[in-house]
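Per-entry structural report
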Amino acid sequence: LGTFGSMESLELGELLLSLNYLPSAGRLNVDVIRAKQLLQTDVSQGSDPFVKIQLVHGLKLVKTKKTSFLRGTIDPFYNESFSFKVPQEELENASLVFTVFGHNMKSSNDFIGRIVIGQYSSGPSETNHWRRMLNTHRTAVEQWHSLRSRAECDRVSPASLEVT
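Note that the structure is a prediction, hence the values are computed from the model and not measured.

1. Re the confidence of the model for the protein
Caution applies to low-pLDDT regions: their predicted coordinates should not be interpreted in detail. Averaged over every residue, the pLDDT of the protein is 91; residues scoring 70 or more account for 91%. Segment residues 1-8 is flagged for pLDDT under 50; beyond a separation of four residues in sequence, or across chains, it makes five contacts in the model.

In structure tokens:
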């Protein structure tokens, strides 16, 4: 493990997302395609990862959706689609928080990693994905993202502080 805080900080895994905005319908469509090399939260069982998608408007949590959880894998294929109602005039104040958790029956779910895309993006690649989506309406834009720690997201993205 490299020095903490560099690009070599804890490898939490990667998430492949597709974003598509439909201005006429005021719909933000999100496809959670897959994740890879997720940090294993339960060594004995393997992880049962799922993704929580939260729409934050300004600093208010508006909507929460979740993928199903897939058992015993760190390379889950989800291919699940979600749609959020976001009128065009509110788009610039929207953030999407993606958090990967390990499903845990016994206790609270185990945090694996997070990214934020939108007004309060958690980094340059997230900002880039949002911009590409804004510039290509009605076309799905796909991109891999490296997951970040909760502390890092909380530090750079006020939207991250608004969700659990």
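2. Observations concerning the packing of aromatic side chains
For the structure on display, the rule yields two aromatic pairs. Here Phe50 and Phe101 contribute two aromatic rings whose centre-to-centre distance is 5.6 Å and whose plane-to-plane angle is 25°, an arrangement assigned as stacked. Of this pair, Phe50 sits in strand 3 (residues 49-57) while Phe101 sits in strand 6 (residues 94-102), and the two are 51 residues apart along the sequence. Classification of Phe50 by relative accessible area gives buried; the value is 4%. Residue classification places Phe101 among the buried positions, given a relative accessible area of 7%. Relative to Phe111, the ring of Phe101 has its centre 6.1 Å away and its plane inclined at 90°; by these criteria the two rings are edge-to-face. Placement of Phe101 in strand 6 and of Phe111 in strand 7 (residues 110-118) is noted, with a sequence separation of ten residues between them. Three or more aromatic residues joined by ring pairs form one cluster here, namely Phe50, Phe101 and Phe111. The ring of Phe84 has Lys65 sitting right over it, with the charged end atom 4.9 Å from the ring centre.

Conventions adopted
- Residues numbered from 1 in each chain as written.
- Predicted model: local features only at pLDDT ≥ 70, side-chain atom pairs only at ≥ 80, totals over all residues.
- Heavy atoms only, no water.
- pLDDT = per-residue confidence, 0-100.
- Contact = heavy atoms within 4.5 Å.
- Phe/Tyr/Trp six-rings, centres within 6.5 Å; stacked < 30°, edge-to-face > 60°.
- Helix = DSSP H or I, 4+ residues; strand = E, 2+ residues; numbered from the N terminus.
- Buried < 20%, exposed > 50% of the residue type's maximum accessible area, 1.4 Å probe, protein only.
- Lys NZ or Arg CZ within 6 Å of the ring centre and 35° of its normal.

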